[in-house]
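Descriptive structure summary
So you can see what is in the structure, the chains are spelled out below.
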Amino acid sequence: MRRYDRLIFVSNSDTAVGPMAEAILQSKYLLEELAITSKGVVVLFPEPINPKAEAVLVSNGLTMKEHMSDPLVREDFGERTLILATSESVKQKVLNEIAPEDAQVRTLHEYVGEEQEVTNPYGGALADYGQCFAQLEALITKLVVQLNEQELLSEE
């Protein structure tokens, strides 16, 4: 039996890092179907993806042009939902302000066993968004291996 039915990437505003992570993971091969989305901890109203983030996605053969930011809410948590924050500060905000007491929230880099967290490109140049994409791509490649291994182990 699979461990998760849903995965949510959580970032600050859900307009750059989270949607990029969502697009990258959706482009990967997973052994089991997984509902993948992104949400934000500071979303006052729906906003489209940051134009620089979308430009980087398009240059890598992906798009999130239809994406609108969405706030993370308490109802998003469940035992079969994996919540991955894009940074330690986002993780702490989720745990302190949104998550139920027993919620499991990890950062993406922590979940895959890396030390360096994703650099938020907000306010930076297009190259900064490209660097963020490269970091996400590397971490999500490890995430895919981990999720697929968990799936194979759960079948035994």
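Scope of this entry: the structure provided in the associated data block. Note that this is a predicted model, so its numbers are computed, not measured. (Residues numbered from 1 in each chain as written. Predicted model: local features only at pLDDT ≥ 70, side-chain atom pairs only at ≥ 80, totals over all residues. Heavy atoms only, no water.)

The subject of this paragraph is helix α3 (residues 88–97). Every buried residue of α3 is listed here: Val90, Lys91 and Val94. Around the axis of α3, the buried residues are gathered within 105° of arc, so they sit on the same side. Structural note: α3 exposes Ser89, Asn96 and Glu97 on the side pointing more than 90 degrees away from its buried face. (Buried < 20%, exposed > 50% of the residue type's maximum accessible area, 1.4 Å probe, protein only. Helix = DSSP H or I, 4+ residues; strand = E, 2+ residues; numbered from the N terminus. Arc of directions from axis to C-beta.)

What the four strands build is an open sheet, ordered β2-β1-β3-β4; its pairing is parallel. Every interior strand has two partners, whereas the edge strands, β2 (35–40) and β4 (105–107), have only one. For this sheet the average axis-to-axis angle between neighbouring strands, irrespective of direction, equals 30°. Relative to strand β3 (residues 81–85), strand β1 (residues 6–11) is paired through five bridges, and the arrangement is parallel. Following the sheet pairing, Arg6 is matched in β3 by Thr81. (Pairing = 2+ DSSP bridges. Axes fitted to C-alpha atoms, helices over the stretch in contact; angles between N-to-C directions.)

Right, let's talk about the pattern of salt bridges for a bit. Scanning the entire structure with this criterion turns up nine salt bridges. The partner of Asp76 in a salt bridge is Arg6, and the shortest N-O contact between them spans 3.3 Å. In this pair, Asp76 is assigned in the loop between α2 (51–59) and β3 and Arg6 in strand β1, connecting sequence segments 70 residues apart. The class of Asp76 is buried, set by a relative accessible area of 6%. Under the relative-accessibility criterion, Arg6 is labelled partly exposed at 25%. Between Lys28 and Glu137 there is a salt bridge whose closest N-O contact spans 2.4 Å. With a gap of 109 residues between them, Lys28 in the loop between α1 (17–26) and β2 and Glu137 in helix α5 (residues 126–155) connect regions that are remote in the sequence. Here the salt bridges do not stand alone but share partners, grouping Arg6, Lys39, Asp70 and Asp76 into one network. (Salt bridge = Lys/Arg side-chain N within 4 Å of Asp/Glu carboxyl O.)

A few words now on the side chain of His67. When you line up the elements, His67 lands in the loop between α2 and β3. With relative accessibility at 10%, the residue His67 sits in the buried group. Engagement of the side chain of His67 in a polar contact is seen with the backbone oxygen of Asp14, the distance being 3.0 Å. Among residues more than four places away in sequence, those in contact with His67 are Asp14, Pro19, Glu22, Ser38, Glu47, Pro48 and Ile49. (Polar contact = N/O pair within 3.5 Å; in protein donor to acceptor, adjacent residues only side chain to side chain. Contact = heavy atoms within 4.5 Å.)

Taken as a whole, α2 has its buried residues at Ala53, Glu54, Val56 and Leu57. Here the buried residues of α2 occupy an arc of 160° about the axis, which is enough to place them on one side. For α2, the exposed residues lying more than 90 degrees away from the buried face are Pro51 and Ser59. With a side-chain oxygen lying 2.7 Å from the backbone nitrogen of Lys52, the N-terminal cap of α2 falls on Asn50. Gly61, located one to two residues past α2, shows a positive phi value of around 80°.

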